[in-house]
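A closer look at the structure
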Amino acid sequence: MTPSESRRRPFIAGNWKMYKGPAEADALAEALKRTLTGQAQVDVAVAPPFLSIPTVVARLRHSGVHVAGQNLHPEPSGAFTGEISGEMLRQVGVTYCIVGHSERRALFGDTDSFVEKKVHACLRAGLLPILCVGETLDEREAGQADAVVSRQLAAALGKLSSDQLPSVTIAYEPVWAIGTGRVATPAQAQEMHATIRGWLAERYPAFVPRGMRILYGGSVKGSNAAGLLSQPDIDGALVGGASLVAEDFLAIVAAAK
Ligand code: PGA
């Protein structure tokens, strides 16, 4: 059996970015809870802005839907004005945390080595990291997509053991597809996902590439989700814009079943 062949449990995560203050977040969580409570085929998580997290955690209690952070600071506490630690996220009931999103890399100076620190901080705090990797359009057109993604993987995951890696979810998000409506084709996405799984297979025992989930992100919608999710190495989706409307997000979860 090749690593691509075993079916991993699908995982759909919604990244609400800087949308949905507590009241709106509560309403969206309530709408998701009505449909998703009790479904067991797909792992689902939502990542609200920090301020809305306690409300969403309370609303989604006993629903089976996980709550994720969008970012964290690597230190557990300290004089870091404006930052939130993994330990704090854990204390309020967060289970996953997005790390290295391209918006943070491009707009907030998250370097490869800072992203690595954040991955380790997640694991120390008992959070499951969702590590984002992906190339820009210029990098893709210059034929550097594989090299860029491999560099990001090596930097973020290189020091983790085979036992730690299965706690990590990888999200391949080509920067040119994020928020642009320009989704990667299923074939383009599958090709990079296979490259990522191959990268893992070259370095770790077979259970690592076979078990780790690799999500696709970038303009995923109800209308294109099924084509992407039917690919053998695409185990789910990290969804931005379409996660802000309950029925749009629920259509993507339904496509993953
Ligand atoms: P998008 O965002 O679905 O709006 O393209 C994806 C992401 O940023 O994770």
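Described in the following lines is the structure provided in the data block. No experiment lies behind these values; they were computed from the predicted model shown. (Residues numbered from 1 in each chain as written. Predicted model: local features only at pLDDT ≥ 70, side-chain atom pairs only at ≥ 80, totals over all residues. Heavy atoms only, no water.)

1. Some details on the site of the ligand
Taken together, 13 residues surround the ligand, and among them Lys17, His101, Glu173, Gly179 and Ser219 come closest. At 2.8 Å from an oxygen atom of the ligand is found a main-chain nitrogen or oxygen belonging to Gly241. Here the ligand occupies the second largest pocket. A per-class count over the shell around the ligand returns 4 nonpolar, 7 polar and 2 charged. (Near = heavy atom within 4 Å. Polar contact = N/O pair within 3.5 Å; in protein donor to acceptor, adjacent residues only side chain to side chain. 1 Å grid on protein atoms, 1.4 Å probe; cavity = no way out; pocket = protein on both sides within 12 Å on 5 of 7 lines; lining within 4 Å. Sits in = over half its atoms within 2 Å of the grid points. Nonpolar A, V, L, I, M, F, W, Y, C, P; charged D, E, K, R; others polar.)

2. Let's talk about the layout of surface pockets
If a probe the size of a water molecule is rolled over the atoms, the empty space left behind becomes visible. Within this model, the largest pocket holds a volume of roughly 470 Å³. In this structure, the largest pocket is lined by 17 residues; those nearest its centre are Met18, Gln70, Asn71, Arg104 and Phe108. Within the lining of the largest pocket, the residues separate by chemical class into 8 nonpolar, 5 polar and 4 charged. The volume enclosed by the second largest pocket comes to roughly 260 Å³. Taken together, 19 residues line the second largest pocket, and the ones lying closest to its centre are Lys17, Gly179, Gly240, Gly241 and Ala242. A class-by-class count of the residues in the lining of the second largest pocket yields 8 nonpolar, 8 polar and 3 charged. (Points joined across faces, edges and corners; volume = space filled by probe spheres on them.)

3. Here we look at the packing of aromatic side chains
Evaluation of the coordinates by the stated rule reveals 3 aromatic pairs. Pairing Phe11 with Tyr96 gives two aromatic rings, centres 4.9 Å apart and planes at 35 degrees, and the pair type is tilted. Taken as a pair, Phe11 in strand 1 (residues 11-15) and Tyr96 in strand 4 (residues 96-99) lie far apart in primary sequence, 85 residues in all. Tyr96 carries the same exposure label as Phe11, and that label is buried. Ring centres 6.4 Å apart and planes at 50 degrees place the aromatic pair Trp199 and Tyr204 in the tilted group. Pair check on accessibility: Trp199 and Tyr204 agree, each one buried. (Phe/Tyr/Trp six-rings, centres within 6.5 Å; stacked < 30°, edge-to-face > 60°. Helix = DSSP H or I, 4+ residues; strand = E, 2+ residues; numbered from the N terminus. Buried < 20%, exposed > 50% of the residue type's maximum accessible area, 1.4 Å probe, protein only.)

4. Topic: the packing of helix 1 (residues 22-36) against helix 2 (residues 53-60)
Contact geometry of helix 1 with helix 2 gives a least axis separation of 9 Å together with a crossing angle of 25 degrees. By the angle between their axes, helix 1 is roughly parallel relative to helix 2. Judged by the sense of rotation from one axis to the other, the crossing of helix 1 with helix 2 is right-handed. Judged by residue contacts, Pro22, Ala25, Asp26, Ala29, Glu30 and Lys33 of helix 1 engage Thr55, Val56, Arg59 and Leu60 from helix 2. (Axes fitted to C-alpha atoms, helices over the stretch in contact; angles between N-to-C directions. Parallel < 35°, antiparallel > 145°, perpendicular 65-115°, else oblique. Left-handed = near helix turned anticlockwise from the far one by under 90°. Contact = heavy atoms within 4.5 Å.)

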